[in-house]
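# Survey of secondary and tertiary structure
This is what each chain is made of:
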Amino acid sequence: MPSLRRLALCSVTPLVLLAPACGDSGDSGSASASASASASATNPTNPTTVSASATDTASASATDSAPTSAGSVSDSQASQPTSTSDASATATATATASASGTTTGDVDPFTTSVGDTTFDSFGESGNANCKQQIDIVFVMDVSTSMLALLQKLEDEILTVDAKLKSLDVLPDVHYGLVVFVDDTLIINGGAPYADVQTLKQDFNKWWNFTQSNSQVNGGGFNNDWPENSIDALFTGAGAFQWRAMEDTLRMVIHCTDDTFGEKGAVQSGLAIQHTYDETVLALQDREVRVFAFADNDMTGGPGDNQDVSMGFFTPYNGKTPIPDATDGGAFNINLVLANQLSLNAAINDSVEASLCQDYIPM
């Protein structure tokens, strides 16, 4: 049965708040900046918007052939991503209880607005009896400015896991991890983690690693501000042991605060191996949804004042942003760092919104 979700453009109304600036200058650290916060989450497949506010509430693995408006927000509303499509629509409905909290006020059951986020929002399952496995690969920038985000993941991954295991799905959630700076590394050779506690320990290991300003494979230091999201996402798509597409929700949680180069670029002496198009195609071929936590506040680059939203919230060289191109969503990382958006709620709501939905990339 076809998915009921459709894509809509969210408007983002600024609400000034203080949030750490995430851009690196040679990845030498982070500074504070004003993050725009007021929510507008849309779904790469659903046409309504809603205002909300954030608190709490992810998973993965197997093989294959491939903001809130002013005021307070509940978990499921504050946690929805922002869309970059060309359609605009709004609608309201009575608030309903969500993953880790109950919404208040008028809420559309299919889309939610939360911070500078675009999102695949709440939709009805295409099959009431559908049960899917859940595979989630975390594709993590581990350059110096990412320490705080990795600490949050370490703190909240058990909450994510508990929520996922409470859903009416097949119980064995699989997780994977890809880390990157200008080079990339897939942990466990692409095999899923044996348990979530080991994943939690690795988040601890890699946030400590961020303080070294090194490449993940030991090939020198990070001397520039773009990082290698393209090769990291390509690696996650192709090297992780995803389970069969027919039975599995396949999802990447991608976290970075800077932009990227593609094949032909050299970053910190390392050549990027893949193009934007190659990476998008690898993700689409394997029906992997990308939910990105990225910078949407002009707080990237060497001066913490550059627009690094391209490819995540806005088109990259005229091409569809990766979250939209993979039927996923995008969240403003600065809202997470400023505690305006719950990381675990955003992840879990992304999973719930995607379960048993048709894969409809843009």
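Each remark here, short or long, concerns the structure printed above.
Our subject in this report is the structure included herewith. Values in this document were obtained by computation on a predicted structure and should not be read as measured data.

Further remarks concern the overall build of the protein. Assigned secondary structure in the protein consists of eight helices and 14 strands. Within the protein, the proportion of its 362 residues that are buried is 61%. Just so you have it, the protein exposes about 12,300 Å², and 51% of that area is on carbon and sulfur atoms.

All right, on to helix α5 (residues 276-285) then. Buried within α5 we find Y276, T279, V280, A282 and L283. Considered in projection along α5, the buried side chains sweep an arc of 160° and stay on one side of the axis. Elements in contact with the buried residues of α5: α4 (229-239), β13 (288-294) and α6 (322-325). Phi for E287, located one or two positions after α5, is positive at around 55°.

Moving on, we come to the nonpolar core. With 45 residues, the main nonpolar core has F138, M140, L149, Y175, L177 and F293 as its most contacted residues. Elements represented by at least two residues in this core include exactly β7 (133-141), α2 (147-166), β8 (174-180), α3 (196-209), β10 (248-255), β13, α7 (333-337) and α8 (343-354). One finds F240, A282, F313 and I322 within the second-largest nonpolar core, a separate group that totals 27 residues.

Before going further, it helps to examine the environment of L270. On the secondary structure map, L270 appears in strand β12 (residues 270-271). For the pair formed by L270 and G219, sequence separation is 51 residues and the distance between their alpha carbons is 8.8 Å.

Here we take up the pattern of salt bridges. One side chain can pair with another of opposite charge once the charged atoms of both are near each other. Under the definition given, this model contains five salt bridges. Of the charged contacts, one joins K165 and D161 as a salt bridge, the two residues approaching to 2.9 Å between their closest N and O atoms. Of this pair, K165 and D161 both sit in helix α2, four residues apart, roughly one helical turn. The buried category is assigned to D161, whose relative accessible area is 6%. Put simply, D135, D172 and R243 are held in one network by salt bridges that share partners.

Applying the stated criterion across every chain yields a total of nine aromatic pairs. Both rings, one in F138 and one in Y175, keep their centres 6.4 Å apart while their planes meet at 25°; by these two values the pair is stacked. Note that F138 is positioned in strand β7 and Y175 in strand β8, a separation of 37 residues in sequence. By the burial criterion, F138 is buried, and Y175 matches it. Here Y276 and Y316 contribute two aromatic rings whose centre-to-centre distance is 4.7 Å and whose plane-to-plane angle is 20°, an arrangement assigned as stacked.

Moving on, we get to α8. Between its first and last C-alpha atoms α8 spans 17 Å; for twelve residues at 1.5 Å apiece the expected length is 16 Å, and the two agree. Of all twelve residues that make up α8, eleven are buried, and the element is covered over most of its length. Listed in full, the buried residues belonging to α8 are L343, N344, A345, A346, I347, N348, D349, S350, V351, A353 and S354. Sitting at the amino-terminal end of α8 is S342, which places a side-chain oxygen 3.1 Å from the backbone nitrogen of A345. Backbone geometry just downstream of α8 places C356 in the positive-phi region, at approximately 60°.

About the cut-offs
Just so you know, the residues in each chain are numbered from 1, in the order the chain's sequence is written. The predicted nature of this model means local features are confined to residues of pLDDT at least 70 and side-chain atom pairs, given and counted, to a pLDDT of 80 or more, with totals for whole chains, interfaces and linings taken over all residues. Side-chain figures throughout are based on the complete set of non-hydrogen atoms in the structure, without hydrogens or water. Secondary structure follows DSSP: runs of H or I at least 4 residues long count as helices, runs of E at least 2 residues long count as strands, and numbering of each begins at the N terminus. For every residue, the accessible area obtained with a 1.4 Å probe (protein chains only) is divided by the maximum for its type, and the residue is called buried under 20%, exposed over 50%, and partly exposed between those limits. Where accessible areas are quoted, they stem from the Shrake-Rupley method and a 1.4 Å probe; at the residue level, only the protein chains shown are allowed to cover. By arc we mean the arc of the directions from the helix axis to the C-beta atoms, nothing more. Contact between two residues is taken to exist if any of their heavy atoms lie within 4.5 Å; hydrogens are not considered. Nonpolar cores were defined as sets of buried Ala, Val, Leu, Ile, Met, Phe, Trp, Tyr and Cys residues, with membership established by side-chain atoms within 4.5 Å. Should a side-chain nitrogen of Lys or Arg be within 4 Å of a carboxyl oxygen of Asp or Glu, the pair is scored as a salt bridge. Only Phe, Tyr and Trp rings take part, Trp by its six-membered ring, and two of them pair if their centres are within 6.5 Å. Stacked means planes under 30 degrees apart, edge-to-face means over 60, and tilted covers everything else. Take the number of residues in a helix, subtract one, and multiply by 1.5 Å to get its expected span. Here a polar contact means two N or O atoms within 3.5 Å. Within protein one must be a hydrogen donor candidate and the other an acceptor candidate, and residues neighboring in sequence count only if both atoms are side-chain atoms.

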